[in-house]
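Structural overview for review
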Amino acid sequence: WVLTRLLIVSQVGFWGVDGPELEDVNSFESWSNTIATMHHLPVEDSWQYPPGAAFLMLLPRIGGGNYGMSFVVTMLVVDLIGLGVLTLFAKRGGRDWGVWVWLLAMPFLFTLPVLRFDIVPTVVAVAALALLQLRPLWFGALAGLGAAIKIWPIFVLFAEWDRGRILRSIGTAVATIALVFVVAHIVI
């Protein structure tokens, strides 16, 4: 994991090497400044995320220092959590193919995993799917949390076919989304 992620981070361009544009991270920093100082979500057209994404924009500010570096470190921590979830899932299922794909294919995305926050809802969706058969309420809660950050993780609910479990999962997902929206309204 360390070697493949060093390969990704080395392409970012923090150390004087020409790297990709940090346009997205700069937008995230600008939005986090708006959220932190004005206490409302950005009103510009480029903000197109549910309120849960606002908390991700604020998270790199906790560490202080350079927002871009803190953002990259945050995404690396989330990436490592995703690898851990897949590893636990692989141990339970006896197949480690997903772990190897996550580990070795990520560098083919170049800097995208660390310069965007798409990895966060992806890890939340993977965790939800890992709990699908074991804990339908947690499955629904994680699907809802992912949807409160970006909309698409709500579609993991279609992975459940049992009528009783899907109804519980949908109820928990809706409750989680509502909770995130209420907390965002109060805090932001």
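**Some remarks on the overall build of the chain**
The secondary structure content of the chain amounts to nine helices and zero strands. For the chain, the sequential pattern of α-helices and β-strands runs α-α-α-α-α-α-α-α-α. Relative to a compact globule of 188 residues, whose C-alpha radius of gyration would be 16 Å, the chain shows 17 Å and is just as compact. Within the chain, buried positions represent 43% of all 188 residues. Within the chain, contacts between residues at least 6 apart in sequence are counted, and of these 65% link residues at least 24 apart. Summed over all atoms, the accessible surface of the chain reaches about 10,600 Å², with 69% contributed by carbon and sulfur. Separation of charge centres in the chain, based on 11 positive and 12 negative side chains, amounts to 17 Å.

**Comments concerning helix H2 (residues 23-38)**
With 16 residues, H2 extends 22 Å between its outermost C-alpha atoms, agreeing within 8% with the 22 Å of an ideal straight helix rising 1.5 Å per residue. Those residues of H2 that sit buried are Val-25, Phe-28, Trp-31, Ser-32 and Ile-35. When H2 is viewed along its axis, its buried side chains cluster within an angular range of 120° and face the same direction. Facing away from the buried surface of H2 by more than 90 degrees, the exposed residues are Glu-23, Thr-37 and Met-38.

**Here we look at the nonpolar core**
What tends to happen in soluble globular proteins is that the nonpolar side chains get buried as a cluster. Membership of the largest hydrophobic core comes to 35 residues, with the highest contact counts inside it found for Trp-47, Met-57, Val-114, Phe-117 and Ile-119. Elements with a contribution of two residues or more to this core: helix H1 (2-10), H2, helix H3 (52-62), helix H4 (67-93), helix H5 (97-105), helix H6 (112-115) and helix H7 (119-130). If one sorts the elements of this core by residue count, H4 sits on top with nine residues. Every residue in contact with Val-114, bar those within four places of it in the chain, is listed here: Ile-8, Val-12, Phe-71, Val-72, Met-75 and Leu-76.

Procedures and definitions
Residues numbered from 1 in each chain as written. Predicted model: local features only at pLDDT ≥ 70, side-chain atom pairs only at ≥ 80, totals over all residues. Heavy atoms only, no water. Helix = DSSP H or I, 4+ residues; strand = E, 2+ residues; numbered from the N terminus. Rg over C-alpha atoms; globule rule 2.2 N^0.38 Å. Buried < 20%, exposed > 50% of the residue type's maximum accessible area, 1.4 Å probe, protein only. Contact = heavy atoms within 4.5 Å. Areas by Shrake-Rupley, 256 points an atom, 1.4 Å probe, with all protein chains shown as cover. Lys, Arg positive; Asp, Glu negative; His and termini not counted. Charge placed at Lys NZ, Arg CZ, Asp CG, Glu CD. Expected span 1.5 Å × (residues − 1). Arc of directions from axis to C-beta. Core = buried A, V, L, I, M, F, W, Y, C linked by side-chain atoms within 4.5 Å.

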